[in-house]
Amino acid sequence: MFDLLEELAAWAAAGRRFAVASVVSTTGSAPRQVGAALAVSEDGEAIGSVSGGCVEGAVYELCLEVLSTGVPVRQTFGYSDDDAFAVGLTCGGIIEVLVWPGLRLLQSVRPGEPVALARRLGPAAGAVLVWPDRHEGTMGDAGLDAVVVAETRAMLEAGTTGLREICDVELFVESHAPPPRMLIFGAIDFAAALTKAGRLLGYHVTVCDARPVFATRRRFPDAHEVVVEWPHRYLSRTEVDSRTVVAVLTHDAKFDVPLLEVALRTNAGYVGAMGSRRTHEDRTRRLREAGLTEEELGRLRSPIGLDLGARTPEETAVSIVAEIIATRRGAGGRPLSETDGPIHRSLAIQRS
């Protein structure tokens, strides 16, 4: 829903009533992710999408119903072999949609700032907006509000969106956080390829190298930032969270060892380092001598990337981002043809 924030704020400022349908859960090959939204104004204008077209018409009608009654609606759409003309998803997946009347709380949100919205599911209404340092709204009970704010803030910090059960109350929490960061150290051709791949995946990409002749904007036009500084010094003063990727591509001990000393003691979600197995063994020895524990060393992905047989910078970038995705989703990186169970994994839906 936060992707529609600018338009919804304009509707609210103009006094236009609206309803918002949000995808709160998915099963199977659903066409859109949790958090996808469709909004409909009282005069019939629609923005956004919840299914890429499969059930938009039915959800549009639900929005008009909620605009008329003011009562939130929760409905599931799936695929039915029994009725080829029934409203459903042709992909075979299942989506659950929550439709709410437009929230005046959204007028308090400024574009680009980290914020999460918790909405109560069921007959009792309630919504809370949570920022890193404040909150607005209520679930109708001060004690419940305190717990909801704390749990929602934790989801905001992790950048997750999904269903959550708190104190026997089911909520849909939607996080709007800045893009995760990809910090690439080593201004080499492999870094240029990884920069493109990282940007494609939605990361805010920074390339850092101590050598000004290599770390230039011209060589890395796809990076959001190009920094000339000793890598470990830059990382020491840079904010890192659980969504941050640290990719060390220098494979030079004078850069790698002090940098990895810092990186492996942060809460970065992924830390990988390029180099041969011999380089890895030497680097690990140096890191042990520097005082890193086996637990800290166990976080290091080295040699970096999945075994795809990659050779070129572009192929290597694919192997690295494949490992990043697999690590984030808790997947094994095996061919889907050799696995059973759901194809799509998600960290978004969390339950106490």
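The preceding data block contains the structure.
What counts as what
- Residues numbered from 1 in each chain as written.
- Predicted model: local features only at pLDDT ≥ 70, side-chain atom pairs only at ≥ 80, totals over all residues.
- Heavy atoms only, no water.
- Phe/Tyr/Trp six-rings, centres within 6.5 Å; stacked < 30°, edge-to-face > 60°.
- Helix = DSSP H or I, 4+ residues; strand = E, 2+ residues; numbered from the N terminus.
- Buried < 20%, exposed > 50% of the residue type's maximum accessible area, 1.4 Å probe, protein only.
- Lys NZ or Arg CZ within 6 Å of the ring centre and 35° of its normal.
- Contact = heavy atoms within 4.5 Å.
- Expected span 1.5 Å × (residues − 1).
- Arc of directions from axis to C-beta.
- Salt bridge = Lys/Arg side-chain N within 4 Å of Asp/Glu carboxyl O.

Novice: I keep staring at the packing of aromatic side chains and nothing clicks. Help me out?
Specialist: Two aromatic rings, taken as a pair, are described by how far apart their centres are and by the angle between their planes. Enumeration according to the criterion identifies three aromatic pairs in this entry. Relative to phenylalanine 255, the ring of tryptophan 230 lies with its centre 5.0 Å away and its plane at 40 degrees, an arrangement referred to as tilted. Placement of the pair is tryptophan 230 in the loop between β13 (225-228) and α5 (231-236) and phenylalanine 255 in helix α6 (residues 253-263), with a sequence separation of 25 residues. With relative accessibility at 34%, the residue tryptophan 230 sits in the partly exposed group. Given a relative accessible area of 6%, phenylalanine 255 falls into the buried group. We note arginine 134 situated over the ring of tryptophan 131; from NZ or CZ to the ring centre the distance is 4.0 Å.

Novice: When you look at the environment of alanine 158 in this model, what are you seeing that I'm missing?
Specialist: Structurally, alanine 158 is set in helix α3 (residues 142-158). Alanine 158 sits in the partly exposed class, given a relative accessible area of 29%. Distance in space between the C-alpha atoms of alanine 158 and valine 245 is 14 Å, their sequence separation being 87 residues. When neighbours within four sequence positions are excluded, alanine 158 is seen to be in contact with Ser242 and Arg243.

Novice: Can you walk me through helix α2 (residues 56-69) in this structure?
Specialist: Count 3.6 residues to each turn of an α-helix, and residues three or four apart come out pointing the same way. When the terminal C-alpha atoms of α2 are compared, their 20 Å separation across 14 residues agrees well with the 20 Å that a helix rising 1.5 Å per residue should span. Considered for burial, the residues of α2 that qualify are Glu56, Val59, Leu62, Cys63, Val66 and Leu67. Taken around the axis of α2, the buried residues stretch over an arc of 140 degrees, which confines them to a single face. Contacts from the buried residues of α2 go to β1 (18-27), β2 (37-41), β3 (46-48), β4 (73-77) and β5 (94-101). Following α2 by one or two positions, glycine 70 adopts a phi angle in the positive range, close to 75 degrees.

Novice: I would appreciate a short explanation of the pattern of salt bridges in the present structure.
Specialist: Oppositely charged side chains can pair when the atoms bearing their charge come close. With the rule as written, the count across this model stands at 21 salt bridges. In this structure, arginine 16 and glutamate 45 form a salt bridge, with 2.9 Å as the shortest nitrogen-oxygen distance. Of the two residues, arginine 16 sits in the loop between α1 (5-13) and β1 while glutamate 45 sits in the loop between β2 and β3, which places them 29 residues apart along the sequence. On the accessibility criterion, arginine 16 (22% relative accessible area) is partly exposed. Looking at glutamate 45, the relative accessible area reads 37%, which means it is partly exposed. Of the charged contacts in the structure, one is a salt bridge between arginine 283 and aspartate 256, with a shortest N-O distance of 2.9 Å. Highlighted residues: arginine 283 in helix α7 (residues 277-289) and aspartate 256 in helix α6, separated in sequence by 27 residues. Taken individually, arginine 283 and aspartate 256 each receive the classification buried, so the pair is uniform in this respect.

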